[in-house]
Amino acid sequence: MSYITVENLEVGYDKSVISEKLNFKIESGEYLCIVGENGSGKSTLMKTLLGLIKPVSGQIKKADGLENGEIGYLPQQTVVQRDFPASVKEIVMSGFQARCGLRPFYNAQEKKLALENMERMGITELADQCYRELSGGQQQRVLLARALCATRKILLLDEPVAGLDPKVTADMYELIASLNKEGITIIMISHDISAATRYADHILHIGERVFFGTTDEYLNSDIGKSFVTLQKGGENQ
């Protein structure tokens, strides 16, 4: 079943197009990585998929039952957000806000699910700690637990390992892969082409040239070969 179908999409701000000619489908259970040069519109595309930004043109079709409030989202953090003065439990529980509507409290089922998601992320013992006192890796686990409270279907992750050290980065990638194996659809923006091609089953490359296909197809394409070579060259400098 296609969760999201994108047809002839152009994304940008104030009718100024950043990325165009986007056509792709995201099936239930897939792991899609969005890659491309800096400034190619990756985060803008993700915000458009979430309904936070209107498309310049084109269509985004979502499966029945997949509303914006049922999509878990882990955005890039700002300095202000990293210093947010709330407990871990409060941050995680806030993932239910879209479901609550006008209801001013969380019900027993939501509290149980929040605890389960904290256990999945290995942060149960941090429940009462202040979020801003945590390490970067711990904060990302908290935000991932929060995103899981919003959905059991699909997660959109914008550079979830940015600023993390290599060990924590490797752990985060494995954690995301395990969620995908549980059946959660993953859409992740990544600047790390090595990790993208290791974990994802599909790649969407946007920029001056656009590619969408399986990871193997991408690695065998001209655009994939040149981008992998470019990234490796940058790492060796």
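Residues numbered from 1 in each chain as written. Predicted model: local features only at pLDDT ≥ 70, side-chain atom pairs only at ≥ 80, totals over all residues. Heavy atoms only, no water.

A. Representation of the overall build of the chain. Along the chain, the regular secondary structure elements total 10 helices and nine strands. Each principal axis of the C-alpha atoms in the chain carries an extent, and together these give about 50 × 40 × 35 Å. By the burial criterion, 48% of the 237 residues in the chain qualify as buried. The long-range fraction of contacts in the chain, counting pairs at least 24 apart against all pairs at least 6 apart in sequence, stands at 67%. Distance between charge centroids for the chain: 3 Å, based on 26 positive and 31 negative side chains. (Helix = DSSP H or I, 4+ residues; strand = E, 2+ residues; numbered from the N terminus. Buried < 20%, exposed > 50% of the residue type's maximum accessible area, 1.4 Å probe, protein only. Contact = heavy atoms within 4.5 Å. Lys, Arg positive; Asp, Glu negative; His and termini not counted. Charge placed at Lys NZ, Arg CZ, Asp CG, Glu CD.)

B. Spotlight on the side chain of T151. Inspection of the secondary structure assignment puts T151 in the loop between helix 6 (136-150) and strand 6 (154-158). A relative accessible area of 4% means that T151 is categorised as buried. Among the polar contacts made by the side chain of T151, one reaches the main-chain amide nitrogen of K153 at a distance of 2.8 Å. (Polar contact = N/O pair within 3.5 Å; in protein donor to acceptor, adjacent residues only side chain to side chain.)

C. Region of interest: the pairing of strand 2 (residues 16-27). With eight bridges connecting them, strand 1 (residues 2-13) and strand 2 associate as antiparallel partners. For V6, the partnering residue across the bridge sits in strand 2 and is F24. Hairpin connection of strand 1 to strand 2: two residues between the antiparallel strands, including D14 at a positive phi of 50°. (Pairing = 2+ DSSP bridges.)

D. Local environment of the sheet that holds strand 1. If you trace the three strands from one edge of the open sheet to the other, you get 2-1-4, paired in antiparallel fashion. Across the chains shown, the open sheet's two edge strands, defined by having one partner strand only, are strand 2 and strand 4 (57-62). Along the sheet, successive strands turn relative to each other by an average axial angle of 15°, direction set aside. Its contacts with the sheet put helix 1 (residues 42-49) on strand 1, strand 2 and strand 4, and the angle it makes with strand 1 is roughly 125°. (Axes fitted to C-alpha atoms, helices over the stretch in contact; angles between N-to-C directions.)

E. Local environment of the nonpolar core. Residues V92, I123, L144 and L155 are the most contacted members of the largest nonpolar core, which totals 50 residues. Apart from the residues lying within four places of it in its own chain, the contact partners of L155 are G72, L144, A147, L148, L179, I184, T185, I186 and I187. Of all hydrophobic cores here, the second largest spans 24 residues; its members include Y3, L22, I26 and L204. (Core = buried A, V, L, I, M, F, W, Y, C linked by side-chain atoms within 4.5 Å.)

F. Highlighting the sheet that holds strand 6. Ordered by their spatial adjacency, six strands build an open sheet running 5-6-7-3-8-9, and the pairing between neighbours is mixed. Here the strands that pair on one side only, and so sit at the sheet edges, are strand 5 (71-74) and strand 9 (211-214). Each strand axis lies, on average, 15° off the axis of its neighbour in the sheet, ignoring direction. Across five bridges, the pairing between strand 6 and strand 7 (residues 185-189) is parallel. Among the inter-strand pairings, L155 is bridged to a residue of strand 7, identified as I186. Contacting strand 3 (31-36), strand 5, strand 6, strand 7 and strand 8 (202-206), helix 1 crosses the sheet at an angle of about 150° to strand 6. Against the sheet, helix 6 engages strand 5 and strand 6, with an angle of about 165° to strand 5.

G. Local environment of the packing of helix 5 (residues 108-120) against helix 6. Viewed as axis vectors pointing N to C, helix 5 and helix 6 meet at an angle of 140°, and their least axial separation amounts to 9 Å. Classified by the angle between their axes, helix 5 and helix 6 sit oblique to one another. The interaxial crossing formed by helix 5 with helix 6 has right-handed handedness. Here A114, N117, M118 and R120 of helix 5 come into contact with helix 6, specifically with A145, L148 and C149. (Parallel < 35°, antiparallel > 145°, perpendicular 65-115°, else oblique. Left-handed = near helix turned anticlockwise from the far one by under 90°.)

H. Layout of unusual backbone geometry. Notably, N8 is not glycine yet its phi reads approximately 50°, a positive angle. In this fold, N8 is placed in strand 1. Residue classification places N8 among the exposed residues on the basis of a relative accessible area of 52%. In this structure, K21 is a non-glycine residue whose phi angle is positive, near 55°. Following the sequence through the fold, K21 ends up in strand 2. Exposure remark for K21: the relative accessible area of 64% places this residue in the exposed category.

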